[in-house]
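For reference, the chains in residue letters:
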Amino acid sequence: MSGKLLVVGTPIGNLKDMPERAIQALKDCDFIAAEDTRVTLKLLNHFNIKKPMVSYFEHNKMQKGELICNRILKGENCVLVSDAGMPAISDPGEELVKQCIDMNIKISVVPGPNAAVSALAISGLPTGRFTFEGFLSVNKKRRIEHLNDIVNEKRTLIFYEAPHKLAATLKDLHEYLGNREIAIVRELTKIYEEIIRTTLFEASCKYSNEKIKGEIVLIVAGKSEEIDEPAYTLEQAKELAKSMQREGEALSVVAKKIAKLTGLKKREIYKELLNE
Ligand code: SAM
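About the criteria used
- Residues numbered from 1 in each chain as written.
- Predicted model: local features only at pLDDT ≥ 70, side-chain atom pairs only at ≥ 80, totals over all residues.
- Heavy atoms only, no water.
- Helix = DSSP H or I, 4+ residues; strand = E, 2+ residues; numbered from the N terminus.
- Buried < 20%, exposed > 50% of the residue type's maximum accessible area, 1.4 Å probe, protein only.
- Contact = heavy atoms within 4.5 Å.
- Lys, Arg positive; Asp, Glu negative; His and termini not counted.
- Charge placed at Lys NZ, Arg CZ, Asp CG, Glu CD.
- Near = heavy atom within 4 Å.
- Polar contact = N/O pair within 3.5 Å; in protein donor to acceptor, adjacent residues only side chain to side chain.
- Areas by Shrake-Rupley, 256 points an atom, 1.4 Å probe, with all protein chains shown as cover.
- Core = buried A, V, L, I, M, F, W, Y, C linked by side-chain atoms within 4.5 Å.
- Salt bridge = Lys/Arg side-chain N within 4 Å of Asp/Glu carboxyl O.

1. What to know about the overall build of the protein
- Along the protein, the regular secondary structure elements total eleven helices and ten strands.
- Each principal axis of the C-alpha distribution contributes one length, and for the protein these read about 75 × 35 × 35 Å.
- Per-residue burial over the protein gives 46% buried out of 276 residues.
- Pairs at least 24 apart in sequence give 71% of the contacts found in the protein among residues at least 6 apart.
- Computed over 41 positive and 39 negative side-chain charges, the inter-centroid distance for the protein is 2 Å.

The structure is reproduced here in structure tokens:
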């Protein structure tokens, strides 16, 4: 008789958030498919669990997926865990779930912590309707397509981001979505948990200069029904221009972009920048 795949959520930073059923699932299964076996070994050691593991990550997911499915079909029960949080949400587990469905393997879930929903819950932005956007691609074409897709999205938007890519992402979000409210949520459930509630304008200026550490979720307000976007002063426009220039953009390009974003005159901005 075939076994099953159990998709198990694990803590996103605080081991005390490990669900009781998740501990039991790890104890009861035949083997674990883990995104990073070193991370999962720490978790197993903490709960005194010894279990064989198969590493299952982005670059081996196709061949390892087949191997895992075959073992399940022969009767073994497999637990799927990711580095942190719910497997299959912005991680390779999504592929294993699909492969199991294709092979008629039974799938069940032990829900656990999730960074996206936890960040949304404390953001203060509307939670009634929201959309999960995952990571913006580093591929320029796909990134622009993604940003263009969401320009008119009214629902609250959730993004994942790595700290070293934060400045570029805030700059692009501001450039494409205009000035909106944003909550930058970092290090959830950890010692340095922090939430910064600000605007895309303020954030893109601040973090073009300042480094930020840790794991990050961005919660961005959806497009407002109101026609009036927050107005920019010339001072704010200059600040924004300086942050773009720091990233090496030419003066004329900066002036054009700022004019489009703020509604101020390109010539006026250009003149101001020349006088700096
Ligand atoms: N499957 C996971 C889940 O349930 O959220 C997410 C996997 S995704 C590869 C990892 C991203 O989740 C990180 O880059 C970060 O954006 C977000 N993340 C994970 N843990 C976090 C935490 N403690 N605080 C803030 N963001 C976190």
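2. Looking at the site of the ligand
- In the neighbourhood of the ligand, 18 residues make up the surrounding shell, with Ile12, Met86, Asn114, Tyr160 and Ile216 lying closest.
- The contact in question runs from an oxygen atom of the ligand to an N or O atom on the side chain of Asn114, over 2.9 Å.
- At 3.4 Å, a backbone N or O of Ala115 approaches an oxygen atom of the ligand.
- About the coverage of the ligand: the protein hides 90% of its 570 Å² of free accessible area.

3. Some thoughts on the nonpolar core
- Counting residues in each nonpolar core, the largest one holds 19 residues, and the members touching the most others are Leu170, Leu173, Ile184 and Leu218.
- Elements represented by at least two residues in this core include exactly helix H6 (140–150), strand E7 (156–161), helix H7 (166–177), strand E8 (181–186), helix H8 (200–209) and strand E10 (216–220).
- Looking at this core element by element, the count peaks at four residues for H7.
- If we ignore the near neighbours within four places in the chain, the residues touching Leu170 are Ile182, Ile184, Leu200, Ala203, Ser204, Tyr207 and Leu218.
- Cys29, Ile32, Phe47 and Val81 belong to the second-largest nonpolar core, a separate cluster that totals 17 residues.

4. Structural notes on the pattern of salt bridges
- In the structure shown here, the tally under the stated rule is twelve salt bridges.
- Here Asp36 ties to Arg38 by a salt bridge, and the two come within 3.3 Å at their closest N and O atoms.
- You can call Arg38 exposed: its relative accessible area is 63%.
- Residue Lys257 is joined to Glu175 by a salt bridge in which the shortest nitrogen-to-oxygen separation is 3.4 Å. Taken together, the residues span a long stretch of sequence, with Lys257 in helix H10 (residues 251–262) and Glu175 in helix H7 at a distance of 82 residues.
- Take Glu175: its relative accessible area is 23%, and that puts it in the partly exposed class.
- Among the charged side chains, a salt-bridge network with shared partners connects Glu187, Lys190 and Glu215.

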